[in-house]
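# Architecture at a glance
What follows is each chain in one-letter form.
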Amino acid sequence: MMEEKMKRIVYVSGAICIVLILVIIFSVYNQNKNSAKTTTKNTEAKPTTQTTDVKLTTQTIEEKSTQMVTTNLSDKKLNEYMANNYFGSGIVCKKDNYQYTALKHIYYQKPGYDKLESLISSTENPDNRYKNITIYDNWIYYIQYQPNWYEPPTLYKAKLDGSKKSLVCKNAVKYILYKDYIYYTPDNGRCLYRIGVDGKNEIKLVDGEKEEKSLSSFYIENDKIYFSMSNDEYASYMNLDGTNLTKTKLRIGYVNLGWIYYKNHINNTPYIDICRQNIQSGKSELLIKNVSANGTFNLYNNNIYYSAIVNEDYNFYDIYCYNIDNKSSKLIYKGSTVSLIRAIDITDDYIYLTGQEYDSRYIDTVRISLKETKKQERFDEKKMKWVTSTEKIHE
């Protein structure tokens, strides 16, 4: 009996141990399973976090790209810049809602303020004036010149606060800043040079010295330099480094977004037609008929702004705006009293007219509002602001 009882105790104890072992094994199994699930969830969550990081990175790149477009002038901004800085006189430029204006000084204007503040001026010669201002990579590039043109115009750069003024090149009458390089012509107009924005690594792209030919125009679009020399019938183009010179049957004029805009002189009349030619197809179309031949024009936001002389004796001008899509003109301002107009510059709010009479050192600049007021203003150097002015000024 005793022996059987001991056997039962051993069997029960064994059974209990087996059960405990099974419970422990099952418990460990469940813990491992749950841990595996947690790990899987965490692993699945990581790609989501990485994707967010990628999106953030992409947004950052896009934001930087947008800043570069604004600063480094590509596509539409580049064409607006070249329209003012080459086809116009380049006296206005904007960055971060600050406007920079080049007259007898280079001024800057804070957002919401009427008064301008002097940024750059010449202490050596108060007759010096400024034009062709370009903002690139937090530097302002500009041409300093004298109205009598006795000395070659000089290209400088300075920080946006006016500090660190430095010479870029000693003789530049016109220039285009494009992709870290400056393309410019000297005052004799016979050569085209390329120089780095730091004033280094200058090379000559076009040389008209031997044949005594001058550049009649040059523009840049889609990494091509379009240019023409005096007596050329058509324009040519080349790569940015001067290679792959190609002759074309394209008209000589101003290149803008796939089109060349040009003046077609009407024989034995004081009038021109303003036309354009498609660079790809070569087809031309008439835009504006019978415009004053001694007027000028410029492009901005698919509009052509042009001047028409009203009175040959007093040089009063009517200013028109032609919309390329609607193919219609409207009067912007009647009877502007600016001197003989040499250039038109345009912003969203104003059109600037720069005039200089023949054999005169006086440069007259007015601006006309594109808003409802349609008022003409001149800059008052004493008040440091633009004031209404309708009289014609002679000096």
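Residues numbered from 1 in each chain as written. Predicted model: local features only at pLDDT ≥ 70, side-chain atom pairs only at ≥ 80, totals over all residues. Heavy atoms only, no water.

### With respect to the overall build of the protein chain
Stated precisely, the cut-off is as follows: Put simply, DSSP H or I for four residues or longer makes a helix, DSSP E for two residues or longer makes a strand, and each gets a number counted from the N terminus. Residue exposure (1.4 Å probe, protein chains only): buried if accessible area is under 20% of the type maximum, exposed if over 50%, otherwise partly exposed. Values of accessible area rely on a 1.4 Å probe in the Shrake-Rupley scheme; residue burial ignores everything except the protein chains shown.
Summing up its helical and strand segments, the protein chain has two helices and 29 strands in all. By residue count, 44% of the 395 residues in the protein chain fall in the buried class. Of the accessible surface of the protein chain, which amounts to about 22400 Å², a share of 50% is contributed by carbon and sulfur atoms.

### Observations concerning the environment of aspartate 364
Note the threshold: In this description, contact between two residues means that some pair of their heavy atoms is separated by no more than 4.5 Å. Throughout this description, a polar contact denotes any pair of N or O atoms lying within 3.5 Å of each other; where both atoms belong to protein, one of them has to be capable of donating a hydrogen while the other can accept it, and for residues adjacent in sequence the pair is counted only when both atoms sit in side chains.
The residue aspartate 364 is located in strand β27 (residues 364–369) in this model. In sequence terms aspartate 364 and threonine 354 are ten residues apart; their C-alpha atoms lie 5.8 Å from each other. Beyond its immediate sequence surroundings of up to four residues, aspartate 364 is in contact with Thr337, Val338, Ser339, Leu353, Thr354, Gly355 and Arg378. Reaching out from aspartate 364, the side chain makes a polar contact with the side chain of arginine 378 at a distance of 2.9 Å.

### A closer look at the pairing of strand β28 (residues 376–380)
Going by this rule: Strands qualify as paired when DSSP identifies two bridges or more between them.
Within β28, four of the five residues are buried, leaving the element largely enclosed by the surrounding structure. When β27 meets β28, the two strands line up antiparallel, connected through three bridges. Within β28, the position partnered with valine 366 by the bridge is arginine 378. The hairpin formed by β28 and strand β29 (residues 385–388) contains four residues between the paired strands, and methionine 384 there has a positive phi angle of roughly 60°.

### Quick notes on the sheet that holds strand β2 (residues 98–102)
In any sheet, the strands associate via hydrogen bonds between backbone groups, in a parallel or an antiparallel arrangement. Note the cut-off: Think of each axis as a best-fit line through the C-alpha atoms, taken over the contacting stretch in the case of a helix, with angles from 0 to 180 degrees between the N-to-C directions.
Pairing is antiparallel in the open sheet, where four strands are placed in the order β1-β2-β3-β4. Both outer strands of the open sheet, β1 (92–95) and β4 (117–120), are each paired with one neighbouring strand and no more. Strand-to-strand, the axes of this sheet are offset by a mean angle of 30°, without reference to chain direction. The sheet contact formed by β2 and strand β3 (residues 106–109) spans four bridges and is antiparallel. Bridge pairing in β3 links alanine 102 to isoleucine 106.

### What about the packing of aromatic side chains?
To describe a pair of aromatic rings, one takes the distance between the centres and the angle between the planes. Threshold: Here the aromatic set is Phe, Tyr and Trp, taking the six-membered ring for Trp, and pairing holds for ring centres within 6.5 Å; pairs whose planes are under 30 degrees apart are stacked, those over 60 apart are edge-to-face, and all others are tilted. In our convention, an over-ring charge means Lys NZ or Arg CZ found within 6 Å of a ring centre and within 35 degrees of that ring's normal.
Summed over the entire model, instances satisfying the criterion amount to eleven aromatic pairs. Here the aromatic rings of tyrosine 352 and tryptophan 386 are separated by 5.8 Å at their centres, their planes lie at 70°, and the arrangement is edge-to-face. Of this pair, tyrosine 352 sits in strand β26 (residues 350–355) while tryptophan 386 sits in strand β29, placing them 34 residues apart in sequence. Residue tryptophan 386 is classed as buried on the basis of its relative accessible area, which comes to 6%. Joined through ring pairs, the aromatic side chains of Tyr107, Tyr350, Tyr352, Phe379 and Trp386 make up one cluster. Here the guanidinium or amino end of lysine 110 rests over the ring plane of tyrosine 113, the centre of that ring lying 5.9 Å away. Its end group placed over the ring of tyrosine 350, arginine 367 keeps NZ or CZ at 3.7 Å from the ring centre.

### What to know about the confidence of the model for the protein chain
Heads up, the rule is: The pLDDT value tells you how sure the predictor is about a given residue, anywhere from 0 up to 100.
On average, residues of the protein chain score 79 in pLDDT, and 73% of them are at 70 or above. Predicted confidence for residues 28–75 stays below pLDDT 50, and this span has 14 contacts to residues more than four positions away or in other chains.

### As for the sheet that holds strand β19 (residues 271–278)
The four strands are arranged β17-β18-β19-β20 in an open sheet whose pairing can be described as antiparallel. The sheet is open, and its two borders are formed by β17 (254–256) and β20 (284–292), each paired with just one other strand. The mean inter-strand angle of the sheet, taken between neighbouring strand axes irrespective of direction, is 25°. Sheet analysis places β17 next to strand β18 (residues 259–265), joined by three bridges and oriented antiparallel.

### Quick notes on the pattern of salt bridges
How we decide: Counted as salt bridges are all cases of a side-chain nitrogen of Lys or Arg within 4 Å of a carboxyl oxygen of Asp or Glu.
Considering all chains together, one arrives at 15 salt bridges under this definition. Lysine 213 is the salt-bridge partner of glutamate 211, the closest N and O atoms lying 3.8 Å from each other. Under the relative-accessibility criterion, glutamate 211 is labelled exposed at 60%. Given a relative accessible area of 25%, lysine 213 falls into the partly exposed group. When the shortest N-O distance is used, the salt bridge between glutamate 285 and arginine 276 registers 3.3 Å.

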